[in-house]
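Summary of structural features
Letter by letter, the chains look like this.
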Amino acid sequence: MNVNGTVAEGFEPVREAFAVNVAQLGERGAAVAVYRDGHRVVDLWAGTKDVDGTAPWEPGTAQVVRSATKGVAAAALLLLHQRGELDLDAPVGTYWPEYKAAGKEHTRVRDLLAHRAGVPVLDRPLTPAEAADPDRGAAAVAAQAPVWEPGTDHGYHAQTYSWLTGELLRRVTGRPAGDWIADEIARPAGADLWLGLPESEHARVGRVGPVDAQTAGGLKTRPKRAVAEAYADPESLTRRAFAAITPLPDENDPAYRAAALPASNGIATADGLARFYASLIGEVEGGTRLFTPETMELARAEQSAGPDRVLVVGTRFGLGYMLHGPASPLLSPASFGHPGRGGALGFADPETGIAFGYVTNGFRGGVTADPRAQALVRAVRTALA
């Protein structure tokens with residue numbers, strides 16, 4: 001496969017790393033974009049639009065980015081705070097009275113953002129059709145009893161983050177999450193990203209699917225025993241959190257893509273993901289800065305750190321964003337962003353002015369540190385050295 005696109009002078013290591021990903025790590029189709037101080041310095045793509053197809057990836061090809069969507073959901077709530085419409089220290093029930101049920105009356109908005117709400121699981125998982133209904137999802141998490149006292153510990157809310165953030169956004173604004181994000185985030189930033197894919201954009205989006213170790217050039221990472229056991233145990237918080245939607249949705253189904261699940265089904269181009277993060281830390285060419293400096297600092301201020309009750313490894317979270325650390329290495333300790341399980345990654349690093357977006361149609365095992373994305377991050381670090 002040929003690597004297409006351009007890199008600015010000095011960023012050649014990113015092209016080299018991307019070419020290695022394509023040649024050795026089993027990429028079927030992928031793209032990476034990098035902005036520095038609001039200007040695009042990397043725009044690369046290769047392979048096929050569909051993981052199982054032959055049509056070429058083109059400029060503007062988009063993919064499902066899974067949990068990289070969480071960074072967009074967090075930005076929506078932080079923008080409401082920035083505008084004085086949402087108090088981070090207020091109980092969630094202030095805006096969403098039904099959420100006070102089952103011992104959750106003291107859950108603060110910041111607990112919800114930082115994966116401290118204690119509701120990563122549902123006692124009765126939702127079907128994909130139920131999960132796509134914002135009323136059903138909101139009712140399920142509002143009725144759910146927490147598995148730890150809210151605010152006292154943290155654990156990754158893999159699926160329930162959709163209804164927690166989406167319903168809070170809807171209660172404050174009176175608008176569906178996807179519509180609000182389109183008008184207040186994607187359009188001002190000039191970013192090609194969607195939560196609830198419009199029919200007019202269907203042709204741009206590729207089919208996604210898994211790539212196994214053999215397909216990925218034989219590279220295989222071995223999880224720690226505790227992590228492997230947690231994923232194998234159907235009663236563990238790990239398995240139950242990811243199984244809050246059962247069976248897993250068909251991510252290529254147009255109905256699923258049209259739904260708005262802020263935890264998991266955003267769709268973006270690599271450029272759209274990078275532009276979004278560029279708009280959080282500064283002015284971006286052709287777009288508007290979204291976060292004030294004060295909100296940017298709030299986003300990356302550590303709220304949760306240490307053993308994660310769901311992911312079983314040590315994680316660090318700001319207000320909705322993963323922070324640089326062993327479980328999710330980013331560019332530097334100043335970075336904040338979010339990976340998508342199996343591939344995608346978006347983040348910003350305000351100290352260097354870097355914003356990064358990587359999307360792929362081939363999903364590997366693993367949640368927080370895909371080796372293809374990590375190779376590209378290391379290459380950006382080399383380019384800046």
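Nothing here was measured: the structure is a model prediction, and the numbers come from that model.

Glancing now at the overall build of the protein chain. When helices and strands are tallied, the protein chain shows 13 helices and 14 strands. For the protein chain, with 385 residues in total, the buried portion stands at 57%. Sequence-distant contacts in the protein chain: of pairs separated by 6 or more residues, those separated by 24 or more amount to 69%. One way to put it: in the protein chain the 38 positive side-chain charges average out to a point 4 Å from where the 45 negative ones average out.

Going through the model one piece at a time under the given rule, you end up with 25 salt bridges. Between arginine 372 and glutamate 27 there is a salt bridge; the shortest N-O distance is 3.2 Å. Residue arginine 372 is found in helix 13 (residues 371-384), and its partner glutamate 27 is found in the loop between helix 1 (12-24) and strand 2 (29-36); the two are separated by 345 residues along the sequence. Judged by relative accessible area, glutamate 27 falls into the buried class, the value being 4%. One salt bridge connects aspartate 183 with arginine 187, and the closest N-O pair in it is separated by 2.4 Å. Placement of both aspartate 183 and arginine 187 in helix 7 (residues 177-189) is noted, with a separation of four residues, approximately one turn of the helix. For aspartate 183, a relative accessible area of 30% translates into the label partly exposed. Counted as one network, the salt bridges with shared partners bring together Glu98, Asp135, Glu167, Arg170 and Arg171.

With omega at -5°, the peptide bond leading from threonine 246 into proline 247 counts as cis. Here proline 247 lies in the loop between helix 9 (237-242) and helix 10 (254-258). One non-glycine residue, alanine 102, lies in the positive phi region at around 60°. In this structure, alanine 102 sits in the loop between helix 2 (69-82) and helix 3 (109-113). Its identity is not glycine, yet histidine 115 carries a phi of approximately 60°, on the positive side. Tracing the backbone through its elements, the reader meets histidine 115 in the loop between helix 3 and helix 4 (128-131).

Thresholds applied
- Residues numbered from 1 in each chain as written.
- Predicted model: local features only at pLDDT ≥ 70, side-chain atom pairs only at ≥ 80, totals over all residues.
- Heavy atoms only, no water.
- Helix = DSSP H or I, 4+ residues; strand = E, 2+ residues; numbered from the N terminus.
- Buried < 20%, exposed > 50% of the residue type's maximum accessible area, 1.4 Å probe, protein only.
- Contact = heavy atoms within 4.5 Å.
- Lys, Arg positive; Asp, Glu negative; His and termini not counted.
- Charge placed at Lys NZ, Arg CZ, Asp CG, Glu CD.
- Salt bridge = Lys/Arg side-chain N within 4 Å of Asp/Glu carboxyl O.

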